[in-house]
Structures are given as structure tokens and as C-alpha cells.
Amino acid sequence: MGREKLTNRIISIFFAVLSLAWIYPMVMICINSFKQESAINTSSVFDLVTGDTFAGVANYITALTKQGFASAFGYSLVITVTSVVLILVCCSMCAWYVVRVNNRFCKVLYLLFVFSMVVPFQMLMFTLSNLADTLGLNTPFNICFIYLGFGAGLAVFMFSGFVKTIPTEIEEAAMIDGCSPVQTFFHVVLPIMKPTYISVGILETMWVWNDYLLPYLVLDTTKYKTIPILIQYFRGGYGSVELGPMMACIMMVIIPIVVVYLICQRYIINGVVAGAVKG
Amino acid sequence: MSKVLKKWWPLFVLPTALSFVFGFVIPFVQGTYLSFCQFKVISDTTFVGLRNYVDALSDSQFMSSFGFTALFAVTVTVLVNVFALAIALALTRNRLRGTNAYRTVFFMPNLIGGIVLGYIWQILINCVLSNVGADLLALNTVAGYWGLVLLTLWQQVGYMMIIYIAGLQSIPTDYIEAAKVDGANAWKTLWKVKIPNLMPTITICLFLTITNAFKLFDQNLALTGGDPNHSTEMLALNIYNTFYSRVGAKWMGIGQAKAVIFCILVVAISLIQLRATKSKEVQQ
């Protein structure tokens, strides 16, 4: 027992150091986002903020007003929420139908969904952005239609994996009692699938919120910038980079994510595990 | 029940199927066709047969990014899985305090997007390198390579650790206790009991790390942008650059041919990997 305690203590100390290394990059950005522009250079990045170099919230104000952070945040939020809601509702209905009807059409569709999960985006990059232009899908609301098509692979796969474990008797009983398929789905199937909704919702949210290339190629980026596009614009094209506002921007991106994560970490971690087991 | 349900397809299947056709099927088929054509816009194409593929495969930059990506994928797959499993084993020990806090911290980088991660690490690595007087990241291939490895480790170890922890927790405790009673030490228990029972989890983690490594784009774009002189350009970024930063009528077709080769490669790797490790799984 004494030996186990000692080993545990050594491991604890080791992990404490290791987790500092994990947090440090974010802390460094945070410290530097409060420095004056002139005080941020490659040799002073590791220094703490002192009275001389403290810039207050100036960098944050620049990022918010000049760099259009608020609108980018808004567009990202609209795209993510709409897409994820669409994916959850449409794909769960589709998955239920595919599993329960299970004719040849459904089998082919299911195989295509699974196939789409491994295909890299570069394969469709050019043709998809062209098609989106022709069909007028290049606005923050319409792009959700593409996200639905693209996110369908993982979502249908996970939902149908779960539907297969639900015994049909419950649904048949509901139908005999006079429920239409729509009522059966919303009153019986949907409540049973709640854990899967959370898992799929988390995985798709993480993907859509952080996606860079699809909105970059599809949206008119002079009008609509999402957060990853905004961050990329700080670097690309301009030449000199305003490091202060950029780090302020990064902080404003990270903080909401970290807060959301700390509040619902149990669900996020379970969702990721469920996604991996099904995937 | 399926008979009643069958005629409800316009409501249940149509929205998803329609957007899937527009978002995946049509672009995929069109993309495959275009890889055999020369074109600048989709409406004006000339069929050129396999010429794009020949050009793509004889493009030295494409081949060098293939090598770079393959080397990167091997390094990252091995390191991520070894670290993730080691951390998962440590965090599932009895009576170790703070395990939940560590899990929370290690997983956190996964929530931040690749572009943001890339810039955080670019700032960090550039500063470390300039303090030791070495070349800046953008000028150094070796630093770029290890920078990418470091960033990927930082991001993915937490994700795989979570999956390994779930796998370890699903091993029945009787197995481990039985091994203890039979006098097996920790090392023997790991190799004879834990790892064989973990094979399904290992399959998934290897699959995820390999495909992630091959598909890596955002982090590559943000951290090195392929500099210096395309030497840290990975396959996905190489295809992107062939499309959007090369001038000349032939490059679109070559880009699409590269994309098809890349797609076949990723699908093939996924299938081979799944088959190879599936056969080693044991039934519980």
C-alpha cells in the first residue's frame, strides 16, 4: 500500500506539471493580449505585463470595432446553430426511416452516407463551391443546407446505430394505438434517442464552429466572415500583423468555448466517446 | 410498420437525401469526371483522358508533400497513441486524485479550431526559436515538421486519451483481479489482459489518428502555410494551392486529379487499417 501511495504521488506531480504545459499556450496569449503593440515582439513574449507595457483593453476594443469581430461571431453563431438543428432533426428522421424501412434504396443511401465520412473535403472542394454559387447557397443561412448534406454521414450513421438497438414493439404499440408515423417519431422515438442527440449535436457543433475551408470557399468573404476566416485574415494578405488585436481576438474566441466546455464537459466527453465507439 | 412508414419518405428522407445529393453526390461525381478534363470553369471542359493523372504524379512538389505527409502521419500516429494510452493508464489508476481535472485540461485543445491553434503555436514556436537564435519557423523545414507534430500532439492526445479511458473502463474488473491473483505484475497485466481487451479501442484510435493526419489542413495552413518554399506543404494544402494559387489553364484539372488520388489513398488506408486491426480483436 505504501508503494502505491508513493507512485500515485509521483504521478500526480508529473501530471500537474504536464497540465501546466497544456494550459500555458493559452495563458501566454492571454497575457500578451493586454500588452501594448510595441511591447509584443519575439523576445518579450514570455515576459509578464508590467505597468509600462500594460495596454488595458485597447487591443480588445480594436479587435471588436475595427476588425469586425462581433459580426464574425454572429455569423459563426447563426451558421452553427441553424446547421446543427437542421442536422439533428432531419438526420434523426432519416436514420429512423432508413433502419425501419430498410429496402434497397435505404441500403444504398446508408452505404453512401458511410462512404462520405471518409472522403476528404479536397475531393469536392472545387465542384462544391461552384455548385453552391450556381444554386445561391453562398449566404450564411443557405450554407446550412450544405452543412446538412455534409454532416449527414456521421449523423445518420450514429443515429441509425442507436435506432437498431430500440425494440420495434414500442413503436408498433404506438402505431396500433393510432399514432401516425410523425406522432410515433416525435412522441416515442425522439425521447428515447435523447442521449444520441446530445452526442451528435456536440460533434457536429465542434466541426461547424471551427470549420474554415468550406465557408471560406462558399461564402462571399468580403461580406461574410466567420471566426476562423477572420483569424486567417489577420495573417493573409495584409503583410504586417497587428499582434495585439489578433491575440485579443483569439482570446475572445477561446473564452466562450472554454466556458461552455467547463459547464457541460461531462456531456462533451461522453458525446465524443459515443461518437468514437459508433464511428 | 415499415409499410405504413414507407409512404412518408418525402418528410423523413427527402430533406436529408436532397442536401446530401447536392452537398456530396453531385460534387463527388462531377469532381471525378473533371479529373479527366482540362478546364478553367465547369461549363467549358475538354476531355484529356489520363493526362492530368500523369502530370499530377510527375509533379515533384506533389510527391514531396506525399512523402512529408506520410512521414508526418507515421510519427503522429505512433506518438499520439503511445502518449494517449500511457496517460489513460495513469488516469485510471486506483486512488489517484484529480483525474477529472486532468481529463478536462488535456481535452481542451480539441474545442479550439485548427486555424486558431495554428496561430497560437506559430507565435509560441517563433518566440522560442528566436530566443535560442535559430531560424524562424517560416524559414526552417525541420522546425516546421516538428512544430506540426507538436501541435498535433497537443491537440489530439486528449481526444484519444478520452477514448482509451472509456475502453479501459469497459474491461471487466474480474479479468484484472484474476490476473493479480495468478501473480501477474503490472507489466504482464498490461500486455496480457489490458491491451488484448483494448483492441477495438486501438482500432478506432489508429483509424482516427491516421485519417486525421492525412487530412490535416487548417493547422498546416495556419502554422507554416507550407513555407519555406512548399517544403512543409502537406497533401491537402498542396491540392488547395494547385487549385487556387497556380496560374495557367492546366492546373485546375491537375488539382482535381490530385484530389482523386488523395481520396483513393485515404479510403484505401482506412479500409486496410480497419481490416488489419479488426482481425486482431478478441471477443469478450
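Being a predicted model, the structure only gives us computed values, none of them experimental. (Residues numbered from 1 in each chain as written. Chains lettered and ligands numbered in written order. Predicted model: local features only at pLDDT ≥ 70, side-chain atom pairs only at ≥ 80, totals over all residues. Heavy atoms only, no water.)

**Q** Describe the overall build of chain A, listing the residues and the values that go with them.
**A** From N to C terminus, chain A includes 13 helices and 0 strands. Along the chain direction, N to C, the helices and strands of chain A fall in the order α-α-α-α-α-α-α-α-α-α-α-α-α. Computed over C-alpha atoms, the radius of gyration of chain A comes to 24 Å, more than 25% over the 19 Å expected from 2.2 N^0.38 for 279 residues, which places it beyond the range of a compact globule. Each of the three principal axes of chain A carries a C-alpha extent, and together these read 75 × 70 × 35 Å. Per-residue burial over chain A gives 53% buried out of 279 residues. Long-range pairs, those at least 24 residues apart, make up 71% of the contacts in chain A between residues at least 6 apart in sequence. (Helix = DSSP H or I, 4+ residues; strand = E, 2+ residues; numbered from the N terminus. Rg over C-alpha atoms; globule rule 2.2 N^0.38 Å. Buried < 20%, exposed > 50% of the residue type's maximum accessible area, 1.4 Å probe, protein only. Contact = heavy atoms within 4.5 Å.)

**Q** Before we move on, could you go through helix 5 (residues 60–91) of chain B and cite the residues and values that matter?
**A** The first and last C-alpha atoms of helix 5 of chain B sit 46 Å apart over 32 residues, in line with the 46 Å expected at 1.5 Å per residue. Residue Asp59(B) occupies the N-cap position of helix 5 of chain B, its side-chain oxygen lying 3.1 Å from the main-chain nitrogen of Gln61(B). (Expected span 1.5 Å × (residues − 1). Polar contact = N/O pair within 3.5 Å; in protein donor to acceptor, adjacent residues only side chain to side chain.)

**Q** Describe the state of the cysteines, listing the residues and the values that go with them.
**A** All names here are of chain A. This model, assessed by the stated rule, comprises 0 disulfides over all chains. The cysteine Cys 90 is free of any disulfide, with Cys 91 supplying the nearest cysteine sulfur at 6.6 Å. Residue class for Cys 90 comes out buried when judged on its relative accessible area of 12%. Cys 106 carries a free sulfur, and the closest cysteine sulfur to it, the one in Cys 94, is 7.8 Å from it. Cys 106 gets classed as buried once you look at its relative accessible area, which sits at 1%. (Disulfide = S-S within 2.5 Å.)

**Q** Help me get a handle on the interface of chain B and chain A, residues and values and all.
**A** Tallying the contact residues gives 87 residues for chain B and 92 residues for chain A. At the surface where chain B touches chain A, the tally comes to 0 salt bridges. The tally of links from chain B across to chain A stands at 15 residue pairs in polar contact (both at pLDDT 80 or more). For the side of chain B that touches chain A, the leading source of residues is helix 3 (residues 14–34) of chain B, giving 15 residues. Among the residues making up the side of chain B that touches chain A, the classes are represented as 63 nonpolar, 16 polar and 8 charged. (Salt bridge = Lys/Arg side-chain N within 4 Å of Asp/Glu carboxyl O. Nonpolar A, V, L, I, M, F, W, Y, C, P; charged D, E, K, R; others polar.)

**Q** Give a description of the environment of Phe214(B) that names residues and reports values.
**A** Mapped onto the fold, Phe214(B) is located in helix 10 (residues 186–215). For Phe214(B), a relative accessible area of 8% puts it in the buried group.

**Q** Mind laying out the pairing of strand 2 (residues 44–47) of chain B, listing which residues take part and the relevant values?
**A** Residue and element names in this part refer to chain B. Looking at chain direction, strand 1 (residues 37–41) and strand 2 are connected through 4 bridges and run antiparallel. When the sheet's bridge partners are listed, Cys 37 is paired in strand 2 with Phe 47. Linking strand 1 to strand 2, which pair antiparallel, is a turn of 2 residues. (Pairing = 2+ DSSP bridges.)

**Q** Summarise the confidence of the model for chain A; cite the residues concerned and give the values.
**A** Averaged over every residue, the pLDDT of chain A is 86; residues scoring 70 or more account for 93%. Confidence, expressed as mean pLDDT per element, reaches its minimum in chain A at helix 13 (residues 265–278) of chain A with 82 and its maximum at helix 3 (residues 69–101) of chain A with 93. (pLDDT = per-residue confidence, 0-100.)

**Q** Quick one: what's the story with the side chain of Thr75(B), residue by residue and with numbers?
**A** By secondary structure assignment, the location of Thr75(B) is in helix 5. Classification of Thr75(B) as buried rests on a relative accessible area of 17%.

**Q** Could you give an account of unusual backbone geometry, with specific residues and numbers?
**A** Most peptide bonds are trans, and most residues other than glycine sit at a negative phi. Residue and element names in this part refer to chain B. Phi is positive for Asn 229, close to 50°, though the residue is something other than glycine. On the basis of relative accessible area, Asn 229 is assigned to the exposed category, the value being 67%. One non-glycine residue, His 230, lies in positive phi territory at about 65°. The topology assignment puts His 230 in the loop between helix 11 (218–223) and helix 12 (235–244).

**Q** Got a sec to walk through the packing of helix 5 (residues 125–135) of chain A against helix 3 of chain B? Specific residues and values, please.
**A** Angle between the axes and distance between the axes are the two parameters that describe a pair of packed helices. Running from N to C, helix 5 of chain A and helix 3 of chain B cross one another at 125°; their axes reach a closest spacing of 8 Å. Accordingly, the angle class assigned to the pair helix 5 of chain A and helix 3 of chain B is oblique. Relative to helix 3 of chain B, helix 5 of chain A is oriented so that their crossing is right-handed. Contacts between helix 5 of chain A and helix 3 of chain B pair Phe126(A), Thr127(A), Leu128(A), Leu131(A) and Leu135(A) from the former with Phe22(B), Gly23(B), Ile26(B), Pro27(B), Gln30(B), Gly31(B) and Leu34(B) from the latter. In terms of residue class, the contact of helix 5 of chain A with helix 3 of chain B is made up of 8 nonpolar, 4 polar and no charged. (Axes fitted to C-alpha atoms, helices over the stretch in contact; angles between N-to-C directions. Parallel < 35°, antiparallel > 145°, perpendicular 65-115°, else oblique. Left-handed = near helix turned anticlockwise from the far one by under 90°.)

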